[in-house]
Number of protein chains: 2
Amino acid sequence: MSPEPWVRTLSVSVPVPTSSDKRSDAVRVRDSLSRMGFDPVEFPLPILRKLPGALRQSGFSLPVALTTAQHGYVLSEIGKPEVYGIAIDIGSSNIECSLIAMDSGRKLMTSKGQNPQVSCATDVLGRAQHAMTGQAEKLSDLLIQGVNDLIGHVCRESGVATDDVLLVMLCGNTLMTHFFLRLDVSNIPVRPHVPAATGPLFTTAAEVGLAVNHAATVYVFPNVGSYVGGDVISGLLCADITSMEQPILFIDAGTNVEVAIGCREWIMLGAGAAGPALEDGVAEIGRQASSGTICGVRQGSSGELIYDIKDGTTPSGICASGMIDLIAALFAGGIINRAGKLDEAAEGVSWHDGEICYRIGSGEDGTLYLREREISSFLRSKAALFAFLYIFVRSLGLSFRDIPKMYVAGALGCGINLESAVSIGMLPDLPREKFVPLGNAALCGAEKLLLDRSLAETISGICEKITYREMSEERDFLQILQGGLFLPHTEPDILNG
Amino acid sequence: MSPEPWVRTLSVSVPVPTSSDKRSDAVRVRDSLSRMGFDPVEFPLPILRKLPGALRQSGFSLPVALTTAQHGYVLSEIGKPEVYGIAIDIGSSNIECSLIAMDSGRKLMTSKGQNPQVSCATDVLGRAQHAMTGQAEKLSDLLIQGVNDLIGHVCRESGVATDDVLLVMLCGNTLMTHFFLRLDVSNIPVRPHVPAATGPLFTTAAEVGLAVNHAATVYVFPNVGSYVGGDVISGLLCADITSMEQPILFIDAGTNVEVAIGCREWIMLGAGAAGPALEDGVAEIGRQASSGTICGVRQGSSGELIYDIKDGTTPSGICASGMIDLIAALFAGGIINRAGKLDEAAEGVSWHDGEICYRIGSGEDGTLYLREREISSFLRSKAALFAFLYIFVRSLGLSFRDIPKMYVAGALGCGINLESAVSIGMLPDLPREKFVPLGNAALCGAEKLLLDRSLAETISGICEKITYREMSEERDFLQILQGGLFLPHTEPDILNG
């Protein structure tokens with residue numbers, strides 16, 4: 001099936017009014033659209049307001065944008081030959097968005113910014129508590145401002161007027177989309193964790209305060225409860241899970257970890273918190289990948305560490321993939337032991353500000369210090385991640401060996417070194433060809449939807465198939481987690497699962 | 001067929017969330033509505049925002065308002081056990097509205113106010129010219145403010161919160177509804193007189209700036225071109241023209257006069273301007289009917305004039321029906337001659353401010369003067385009205401005698417004395433039982449629609465059946481008009497048609 005567009009741009013030519021053809025401007029355009037096969041077409045009031053002027057300015061031959069609606073079409077814009085769409089993933093820590101030309105489907109730019117709610121509280125539970133004590137509006141304001149800043153940035157950088165953006169596909173976890181939509185979050189943190197709405201929600205930019213064309217269609221991905229947000233649904237859409245004959249494993253790891261196994265027939269899903277280590281927040285030197293961040297680390301021929309610094313030579317921080325490499329390299333080089341403790345005698349290990357640290361860099365400008373307790377934090381996150389994954393797969397009566405493909409999304413999916421991740425016991429030791437890195441799968445799903453309206457049906461299908469499992473209820477979860485605090489694990493056999 | 005409601009109020013009870021029933025609040029309510037037979041139901045974002053709080057405050061048993069939509073229902077309000085509707089007719093001179101309780105269909109109040117655009121220009125052409133020279137926004141602001149003032153007034157007087165008004169049915173001539181909707185009017189006054197839109201238009205109170213519940217559905221009656229506005233369509237709905245087996249005659253006379261003849265099969269319609277004499281604007285002493293206005297005049301046993309003064313004894317002005325009576329009485333008493341000239345020797349005729357006048361009242365406080373030239377203005381309007389009517393009926397090959405019923409709407413339809421109107425040659429001399437006074441038929445049509453959504457279909461049917469005739473093109477129009485400047489007419493036979 002060919003993709004079904006959300007919006008079409010076309011040119012409508014209409015007869016010039018005469019004394020024997022006194023049809024109103026709207027009827028004139030509607031009749032022409034009908035002859036072109038578009039019927040019925042709804043004319044929103046803001047379009048009707050500018051139609052007479054636009055028709056006459058264009059000599060009665062007008063470029064229009066037609067958005068497909070549930071029943072027929074909506075004349076969503078006039079006078080603009082090109083229209084754009086935005087895909088957005090709102091994460092607890094970061095917001096990421098893509099700008100896409102709707103005619104060609106070409107992606108013009110992707111950009112990432114911090115979720116400004118972090119200034120209120122880094123963890124989502126803290127934000128929910130703030131919301132319940134009168135700060136809900138402020139948190140929504142911050143989030144929407146952050147989204148608008150990012151949209152403004154990608155449009156400016158791409159030379160696109162925000163007013164030409166007619167479609168926005170947005171996903172995020174349930175709390176984030178509730179904040180974005182200014183829905184009441186107060187029942188999410190308390191048992192039985194009931195969201196205000198499940199969605200999907202179709203709304204307009206004007207109604208949610210997005211700084212694009214005020215009539216733009218805004219689609220917010222559905223959630224399947226407080227713990228299964230639209231970001232996961234979008235990620236599963238990206239992985240095309242409902243077209244799989246054999247069950248695939250999907251993991252999206254950021255501050256929260258979502259794990260799914262599923263196929264055409266069914267989807268089992270679990271979620272938990274792994275902490276910020278898998279994003280960029282575990283260490284003082286943790287940074288989102290940008291100029292100057294260490295994105296990779298490898299051992300040189302004489303055992304020295306070689307840092308892969310993005311766009312430069314002086315490191316300003318380290319991103320998640322760099323951190324995974326660094327931990328793997330420190331472990332391989334014996335600089336940290338299995339428990340993550342630094343060897344004080346090793347080169348590069350020193351005391352700094354009263355704490356034992358590993359020194360990155362030459363000691364001149366650009367010296368970074370990774371503290372031993374930051375290494376411990378990282379190990380807690382990687383242990384939680386693996387424990388979730390292991391327990392989840394096992395709880396379905398499966399082992400890692402049974403899984404033909406493992407889709408890795410989120411912070412883990414963005415250019416990490418699989419060997420490093422496996423060597424520290426973060427991911428199972430499967431044949432490497434079984435791993436499919438997806439990058440930001442949530443954003444990818446929103447991008448896919450932007451280009452094919454029929455996927456809205458696929459999304460409903462995903463939601464219906466999902467069964468949610470409480471993972472922390474498994475009896476030996478804590479034991480597996482504690483084993484993962486060591487490198488690669490106290491019971492390395494389970495990595496081969 | 002029983003009427004189809006636009007909106008229903010009902011109470012929805014939903015199960016309290018538990019650990020085994022974690023459905024979102026919206027899904028919870030949707031499932032219950034579905035079991036009650038309402039499916040699908042759309043939940044607008046503003047409702048979703050307050051749903052969690054309202055559900056818990058009500059102990060999970062919530063009054064809701066369900067509006068019928070094209071496909072299914074919209075959850076248009078929650079927490080309000082009663083909802084109200086407003087019918088509005090926007091005339092060039094006056095705005096009139098009714099407030100109706102939607103559950104019972106009971107009309108709580110009707111009220112009338114001046115169209116504040118009159119302060120810019122009394123005639124509509126003048127307003128269109130103002131609009132074309134940069135004053136469009138101001139004219140729309142004035143009108144919308146006037147409508148909101150009137151709505152605020154009827155709600156306040158009836159003890160109804162404007163926020164409980166969920167439906168507004170609005171009609172007016174094409175220029176007025178364009179101003180109301182802030183549509184471009186600049187092509188209406190110039191040939192070929194093309195309106196921006198024909199409608200009908202469904203919009204929301206928020207979008208048009210009406211001061212009722214911001215989510216209220218606002219329906220604006222369709223027009224059939226620049227000269228056949230939604231007020232006429234609404235009047236024809238009031239007269240139930242499309243259910244007539246035999247053609248009826250319909251006349252709506254205000255500043256503009258619309259005449260229609262039609263039935264189930266067809267509707268012929270003509271329109272023209274009669275001037276303000278048929279409203280309350282012909283004379284300096286002309287007033288809208290209210291306390292102190294003269295609403296009727298009759299001759300006493302000894303030939304003296306007895307004034308019927310509304311709620312009092314001291315006259316402050318005279319309304320349209322009083323004026324028709326007065327002219328008839330002055331003519332019957334020989335105080336004016338056939339040409340409308342005052343007899344200077346007659347009692348009550350005197351010079352005042354340099355003009356010859358007829359004095360109403362005792363000479364003490366409350367004395368009113370009707371100037372001779374105001375009588376002439378009145379005769380011009382009544383002559384135009386009759387000429388339109390006569391020429392129109394004749395142009396269809398009919399005579400007045402062929403018409404089984406004549407529906408009289410507008411200023412003429414509000415309690416005028418038929419004998420007076422006939423005696424001065426304003427209306428044809430038909431058997432009196434053929435006349436059906438409708439009052440403000442445009443407002444009445446909007447009220448009918450408020451109580452039965454299925455009439456929206458009837459309205460479409462009326463629009464499709466209408467054929468518009470240019471009346472002033474008839475060759476002897478001017479001759480008939482000039483004859484009507486005399487009382488009752490220079491050719492009285494034509495009054496018997």
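The structure under discussion appears in the preceding block.
Note that this is a predicted model, so its numbers are computed, not measured. (Residues numbered from 1 in each chain as written. Chains lettered and ligands numbered in written order. Predicted model: local features only at pLDDT ≥ 70, side-chain atom pairs only at ≥ 80, totals over all residues. Heavy atoms only, no water.)

Q: Help me out: how do you make sense of the overall build of chain A in this one?
A: Secondary structure summary: chain A contains twelve helices and 22 strands in total. Whereas a compact globule of 497 residues would reach a radius of gyration of roughly 23 Å, chain A reaches 25 Å, a difference of no more than 12%. Expressed along its principal axes, the backbone C-alpha trace of chain A runs to roughly 95 × 55 × 45 Å. A burial count over chain A gives 58% of its 497 residues as buried. Long-range contacts, defined here as pairs at least 24 residues apart, represent 65% of the contacts in chain A between residues at least 6 apart. When the 39 positive and 56 negative side-chain charges of chain A are each reduced to one mean point, those points stand 5 Å apart. (Helix = DSSP H or I, 4+ residues; strand = E, 2+ residues; numbered from the N terminus. Rg over C-alpha atoms; globule rule 2.2 N^0.38 Å. Buried < 20%, exposed > 50% of the residue type's maximum accessible area, 1.4 Å probe, protein only. Contact = heavy atoms within 4.5 Å. Lys, Arg positive; Asp, Glu negative; His and termini not counted. Charge placed at Lys NZ, Arg CZ, Asp CG, Glu CD.)

Q: Whenever I open this one, the interface of chain A and chain B confuses me. Can you help?
A: Note on interface size: it is often stated as the accessible area lost on association of the parts. Contacts between the two partners involve 35 residues from chain A, matched on the other side by 35 residues from chain B. Summed over both sides, the interface of chain A with chain B buries roughly 2,900 Å², with 60% coming from carbon and sulfur. Taken together, chain A and chain B are joined by zero salt bridges. Along the contact surface separating chain A from chain B lie 14 residue pairs in polar contact (both at pLDDT 80 or more). Elements that contribute at least two residues to the side of chain A that touches chain B include exactly α1 (25–35), α2 (45–57), β9 (201–204) and α5 (205–208) of chain A. (Buried area = accessible area lost by both parts, 1.4 Å probe. Salt bridge = Lys/Arg side-chain N within 4 Å of Asp/Glu carboxyl O. Polar contact = N/O pair within 3.5 Å; in protein donor to acceptor, adjacent residues only side chain to side chain.)

Q: I would appreciate a short explanation of the packing of aromatic side chains in the present structure.
A: The description of two aromatic rings rests on the distance between their centres and on the angle between their planes. Per the stated rule, a full pass over the model turns up 20 aromatic pairs over all chains. Residues Trp6(B) and Tyr219(B) carry aromatic rings whose centres are separated by 6.2 Å and whose planes lie at 55° to one another, so their mutual orientation is tilted. One end of the pair, Trp6(B), is in the segment before β1 (7–13); the other, Tyr219(B), is in strand β10 (residues 217–220), and 213 residues separate them in sequence. For the pair shown, Trp6(B) and Tyr219(B) are each scored as buried. Site record: aromatic cluster; members linked through ring pairs are Trp6(A), Phe202(A), Tyr219(A) and Phe221(A). Arg453(A) extends its terminal NZ or CZ atom over the ring of Trp6(A), reaching a point 5.5 Å from the ring centre. (Phe/Tyr/Trp six-rings, centres within 6.5 Å; stacked < 30°, edge-to-face > 60°. Lys NZ or Arg CZ within 6 Å of the ring centre and 35° of its normal.)

Q: Honestly, the state of the cysteines in this entry has me stumped. Any pointers?
A: Note on terminology: disulfide describes a covalent bond linking the sulfur atoms of two cysteines. Scanning the model with the defined rule gives two disulfides over all chains in all. Between the sulfur atoms of Cys238(A) and its disulfide mate Cys444(A) the distance is 2.3 Å. The sign of the 90° torsion about the S-S bond sets the Cys238(A)-Cys444(A) disulfide as right-handed. With a gap of 206 residues between them, Cys238(A) in helix α6 (residues 230–238) and Cys444(A) in helix α10 (residues 441–451) connect regions that are remote in the sequence. Classification of Cys238(A) as buried rests on a relative accessible area of 11%. Not engaged in a disulfide, the cysteine Cys97(B) finds its nearest cysteine sulfur in Cys155(B); these two sulfurs lie 7.6 Å apart. Cys97(B) gets classed as buried once you look at its relative accessible area, which sits at 1%. (Disulfide = S-S within 2.5 Å.)

Q: Sorry if this is basic, but what is going on with the sheet that holds strand β5 (residues 84–90) of chain A here?
A: Residues and elements named next belong to chain A. Taken in spatial order, the six strands of this open sheet run β7-β6-β5-β8-β10-β9, and their pairing is mixed. Two strands in the sheet have a free side with no partner beyond their single neighbour: β7 (107–114) and β9. Neighbour-to-neighbour, the strand axes of this sheet turn through a mean angle of 20°, independent of strand direction. Sheet contacts for α10: β5, β6 (94–101), β7, β8 (165–172) and β10 (217–220); angle to β5, the most-contacted strand, approximately 155°. (Pairing = 2+ DSSP bridges. Axes fitted to C-alpha atoms, helices over the stretch in contact; angles between N-to-C directions.)

Q: Even after reading the chapter, I still don't get the sheet that holds strand β2 (residues 41–42) of chain B, so can you show me in this structure?
A: Strand pairing in a sheet is mediated by backbone hydrogen bonds. Such pairs are either parallel or antiparallel. All names here are of chain B. Here we have four strands laid out as an open sheet, ordered β1-β3-β4-β2, and mixed in their pairing. A strand with exactly one partner marks an edge of an open sheet, and here the two such strands are β1 and β2. Note: strand β3 (residues 61–69) against strand β4 (residues 72–78), six bridges, orientation antiparallel. Looking at β4, one finds that leucine 66 is bridged to leucine 75. The sheet contacts of helix α1 (residues 25–35) involve β1, β2, β3 and β4, and relative to β1 the element is tilted by about 115°. Where helix α2 (residues 45–57) meets the sheet, its contacts fall on β3 and β4, and the angle it forms with β4 comes to roughly 60°.

Q: It is not clear to me how α1(A) should be interpreted in this structure. Could you clarify?
A: Structurally, the α-helix is built with 3.6 residues per turn, so residues lying three or four positions apart point the same way. Residues and elements named next belong to chain A. For α1, the complete set of buried residues consists of Asp25, Ala26, Arg28, Val29, Ser32 and Leu33. For α1, the buried positions fall inside an angular range of 160° around the axis, keeping them on one side. Close packing links the buried residues of α1 with β1 (7–13), β2 (41–42), α2, β3 (61–68) and β4 (73–78). A positive backbone phi angle near 100° is found at glycine 37, which sits one or two residues after α1. (Arc of directions from axis to C-beta.)

Q: Honestly, the environment of Ile88(A) in this entry has me stumped. Any pointers?
A: Residue position: Ile88(A) is located in strand β5. The class for Ile88(A) is buried, based on a relative accessible area of 0%.

Q: Hey, could you run me through the relation of the copies chain A and chain B in this one?
A: Both copies of the chain are related by one operation, a rotation about an axis with a shift along it. Expressed as a screw transformation, the operator carrying chain A onto chain B has a rotation angle of 180° and an axial translation of 0.1 Å, and the superposed copies differ by an RMSD of 0.2 Å. In short, the pair behaves as if placed about a two-fold rotation axis. Residues of chain A ranked by C-alpha distance from the rotation axis are headed by His71(A), positioned 4.3 Å from it. (Least-squares fit on C-alpha atoms with pLDDT ≥ 70 in both.)

Q: I keep staring at unusual backbone geometry and nothing clicks. Help me out?
A: Of all residues except glycine, most have a negative phi; of all peptide bonds, most are trans. Omega for the peptide link from Arg191(A) to Pro192(A) comes to 0°, which places this bond in the cis form. Among the secondary structure elements, Pro192(A) is positioned in the loop between α4 (174–181) and β9. Even without being a glycine, Phe60(B) presents a positive backbone phi close to 65°. Structurally, Phe60(B) is set in the loop between α2 and β3.

Q: Mind showing me how you'd approach the side chain of Ser454(B) here?
A: Tracing the sequence through the fold places Ser454(B) in the loop between α10 (441–451) and α11 (455–465). Only 2.8 Å separates the side chain of Ser454(B) from the side chain of Asp452(B), close enough to count as a polar contact.

Q: Sorry, what's going on with the pattern of salt bridges here?
A: Side chains that carry opposite charge are capable of pairing whenever their charged atoms lie near each other. Residues and elements named next belong to chain A. In the structure shown here, the tally under the stated rule is 32 salt bridges over all chains. A salt bridge links aspartate 25 to arginine 56; the shortest N-O distance between them is 3.0 Å. With aspartate 25 in helix α1 and arginine 56 in helix α2, this residue pair connects regions lying 31 residues apart in the sequence. Aspartate 25 sits in the buried class, given a relative accessible area of 0%. Linked through salt bridges whose partners overlap, the residues forming this network are Asp21, Arg23, Arg28 and Asp31.

Q: Before we go on, may I ask you to explain the pairing of strand β17 (residues 349–352) of chain B in this structure?
A: Within a regular strand, side chains alternate between the sheet's two faces. Residue and element names in this part refer to chain B. Bridge analysis of β17 against strand β18 (residues 355–360) gives four bridges, and the strand direction is antiparallel. Bridging across to β18, valine 349 finds its partner in tyrosine 358. Turn length for the β17-β18 hairpin, with the two strands adjacent in sequence and antiparallel, is two residues, and the turn residue aspartate 353 shows positive phi of about 50°.

Q: Even after reading the chapter, I still don't get helix α7 (residues 320–332) of chain A, so can you show me in this structure?
A: Residue and element names in this part refer to chain A. A rise of 1.5 Å per residue sets the reference length of α7, with its 13 residues, at 18 Å; its end C-alpha atoms lie 18 Å apart and thus fit the reference within 8%. Of all 13 residues in α7, eleven are buried, a share of seventy percent or more. Taken residue by residue, α7 has Ala320, Ser321, Gly322, Met323, Ile324, Asp325, Leu326, Ile327, Ala328, Ala329 and Leu330 as its buried positions. Positive backbone phi, approximately 75°, marks glycine 334, located one or two places after α7. (Expected span 1.5 Å × (residues − 1).)

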